[in-house]
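# Breakdown of the fold
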Amino acid sequence: MGTSTAPETAASSRRRSATTRRRSRRNTGFALALLAPALVLLALFTFAPGIYAFILSLLQRRVSGGLLGGETSLEFVGFANYLATLGDAEFWASLGRMLVIAGIGVPATIILAALFALCLDADRTRLVGAWRIAIFLPYAVPGVIASLLWGFLYLPATSPIGGEVVDYFGGTEVFFSVANIAVWGVVGFNMVIMYTALRGLPREMYEAAKLDGAGELQIALRVKLPMIKPAIVMCSLFSVLGALQLFNEPTTLRPLANAISSTWVPLMKVYTDAFVHDDIYGAAATSLLLVALTVAASVLVNSIGSAIGRSGQRKKS
């Protein structure tokens, strides 16, 4: 009796293992089939252009044949284009201007988004749906259109916000003018992320805090904000990446502001080098350096967020 049961048990175990493997293979194949369109698009429109840009960044067009000669040829120059970009003072100046705008816009975006999310989540707030749509609406407006509208608000001849008194396009004021447009263009999106995180928190914590005598402001600062740190870190990452991609706002305002040049921020410099100065090879090198800067900024923000999360856990323990 016992000897016959053992082979049957082993056989059934093998059958279950084979069934499990077949089911796992089917699930893996189904998952790959679902991911295939996204992977193909990622390869065609992200990896392939990146590889092509890297190849271009290693080349340079040479003109030969004397003063009147018109013969051109492509030569492999290695990392000469990268060294030229790193030695270009205008590149560093444009990077500095971009960092100034990021220093203004990123904290303002996070603070405003958190403030709006906390206000919408407050118990006394009414018409939450209407307010949420109103705050989110600027995000739905294309950046070029928003820049044009703000440009008319800044111009002295058409400004209803004191453009004849304040020079919104001055050498220093222009940084705040551009950052203001960028902030209102993304604050609604970040607000939705933080508000969704707040709505996912258990309401029992608020009731316990109220029983302990905490007011609405104390609950917001000591309970709600610490609990949505991951959402705040994610919004910070999005804001930093958006600042590194600044292009639409200064480009649209450039005809209105003398303080904004054609190379005012790095992406404007890439565009000018590639399509105005016909130096597509140097522009490719500059764009890839910006990609490296973007990756470094992403790693830095994630590291800071992880460090904040670990410190919060240590305080709780």
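Report on the accompanying structure. (Residues numbered from 1 in each chain as written. Predicted model: local features only at pLDDT ≥ 70, side-chain atom pairs only at ≥ 80, totals over all residues. Heavy atoms only, no water.)

## Describing the overall build of the chain
Selection rule: Per the convention used, a helix needs a DSSP run of H or I reaching at least four residues, while a strand needs a run of E reaching at least two, with both numbered from the N terminus. Exposed residues in this analysis have more than 50% of their type's maximum accessible area, buried residues have under 20%, and partly exposed residues fall in between, with area computed by a 1.4 Å probe over protein chains only. Two residues form a contact once any of their heavy atoms are found within 4.5 Å.
Across its full length, the chain carries 12 helices and 2 strands. Going from the N terminus to the C terminus, the chain shows its helices and strands as α-β-β-α-α-α-α-α-α-α-α-α-α-α. In the chain, which comprises 317 residues, the proportion classed as buried is 33%. When contacts within the chain are restricted to residue pairs at least 6 apart in sequence, long-range pairs at least 24 apart make up 65% of them.

## Brief notes about helix H3 (residues 89–121)
As a reminder of what qualifies: Helix span, expected: 1.5 Å multiplied by one less than the number of residues in the helix. In protein, a polar contact means a hydrogen-donor-capable atom and an acceptor-capable atom, both N or O and within 3.5 Å, with residues adjacent in sequence counting only if both atoms are side-chain atoms; elsewhere, any N or O pair within 3.5 Å suffices.
The terminal C-alpha atoms of H3, which comprises 33 residues, lie 48 Å apart, in line with the 48 Å expected from a rise of 1.5 Å per residue. You can read the cap of H3 off the contacts: a side-chain oxygen lies 3.1 Å from the backbone nitrogen of Glu90, and it is on Asp88.

## Quick notes on the nonpolar core
Quick reminder of the rule: Each nonpolar core is a collection of buried residues, namely Ala, Val, Leu, Ile, Met, Phe, Trp, Tyr and Cys, held together in the definition by side-chain atoms within 4.5 Å.
With 26 residues, the main nonpolar core has Ile101, Val178, Ile260 and Trp264 as its most contacted residues. Secondary structure elements with two or more residues in this core: H3, helix H6 (173–199), helix H9 (229–244) and helix H12 (280–316). Discounting residues that sit within four places of it in the chain, Trp264 has contacts with Ser94, Arg97, Ile101, Val174, Phe175, Val178, Pro250 and Ala259. In this structure, Ala114, Ala117, Ile135 and Ile228 belong to the second largest nonpolar core, which totals 25 residues.

## Side note on a nonpolar patch on the surface
For the record, the criterion: Each patch is built from residues that are more than 30% exposed by relative accessible area and take part in no salt bridge. Like charges join if they lie within 9 Å; nonpolar side chains (Val, Leu, Ile, Met, Phe, Trp, Tyr) join within 5 Å. In these tables, accessible area is a Shrake-Rupley quantity obtained with a 1.4 Å probe, and a residue counts as shielded only by the protein chains included in the view. By convention in these notes, a salt bridge is any Lys or Arg side-chain nitrogen within 4 Å of a carboxyl oxygen on Asp or Glu.
The grouping of Leu32, Leu35, Leu39, Leu42, Phe47, Ile51, Phe54, Ile55, Phe79, Leu83, Leu86 and Trp92 at the surface amounts to a nonpolar patch, some 1,200 Å² of accessible area in total. Among the secondary structure elements, those contributing two or more residues to the nonpolar patch are helix H1 (2–57) and helix H2 (80–86). Take the nonpolar patch: its biggest share by element is 8 residues, from H1. Tracing the chain through its elements places Ile51 in helix H1.

## Some remarks on the side chain of Thr252
Topologically, Thr252 is positioned in helix H10 (residues 248–253). A relative accessible area of 14% means that Thr252 is categorised as buried. Within the structure, the side chain of Thr252 is placed 2.7 Å from the backbone oxygen of Asn248, a separation counted as a polar contact. With near-sequence residues (within four places) excluded, Thr252 lies in contact with Val144, Ser147 and Leu148.

## What to know about the packing of helix H7 (residues 204–211) against helix H8 (residues 216–227)
Rules: Inter-axis angles, ranging from 0 to 180 degrees, are taken between N-to-C directions of lines fitted to C-alpha atoms, where helices are fitted over the stretch in contact. Our angle categories are set so that under 35 degrees counts as roughly parallel, over 145 as roughly antiparallel, 65 to 115 as roughly perpendicular, and the remainder as oblique. Helix crossings get a hand from a simple test, with the near helix turned counterclockwise from the far one by less than a right angle marking a left-handed crossing and a clockwise turn marking a right-handed one.
One can describe the packing of H7 onto H8 by two numbers: an axis separation of 11 Å at closest approach and a directional angle of 155 degrees. Compared by their axis directions, H7 and H8 come out roughly antiparallel. Crossing handedness for the pair H7 and H8: right-handed. Contacts between H7 and H8 pair Met205, Tyr206, Ala209 and Lys210 from the former with Ile219, Val223, Lys224 and Met227 from the latter.

## A short note on unusual backbone geometry
Look at Leu127: it is not a glycine, yet its phi comes out positive at around 55 degrees. For Leu127, a relative accessible area of 65% translates into the label exposed. For Asp278, which is not a glycine, the phi torsion comes out positive at approximately 55 degrees. By relative accessible area, which is 66% here, Asp278 ends up exposed.

## Concerning the packing of H6 against H9
Short version of the rule: Only Asp, Glu, Lys and Arg are considered charged in this grouping, and only Ala, Val, Leu, Ile, Met, Phe, Trp, Tyr, Cys and Pro are considered nonpolar; every other residue, Gly among them, is considered polar.
For the pair H6 and H9, the least separation of the axes is 9 Å and the interaxial angle reads 165 degrees. In terms of axis orientation, H6 runs roughly antiparallel to H9. Between H6 and H9 lies a crossing of right-handed hand. Mapping the contact onto sequence places Phe189, Asn190, Ile193, Met194 and Ala197 in H6 and Ala231, Ile232, Met234, Cys235, Phe238 and Ser239 in H9. Each residue belonging to the contact of H6 with H9 can be placed in one class, and the counts come to 9 nonpolar, 2 polar and no charged.

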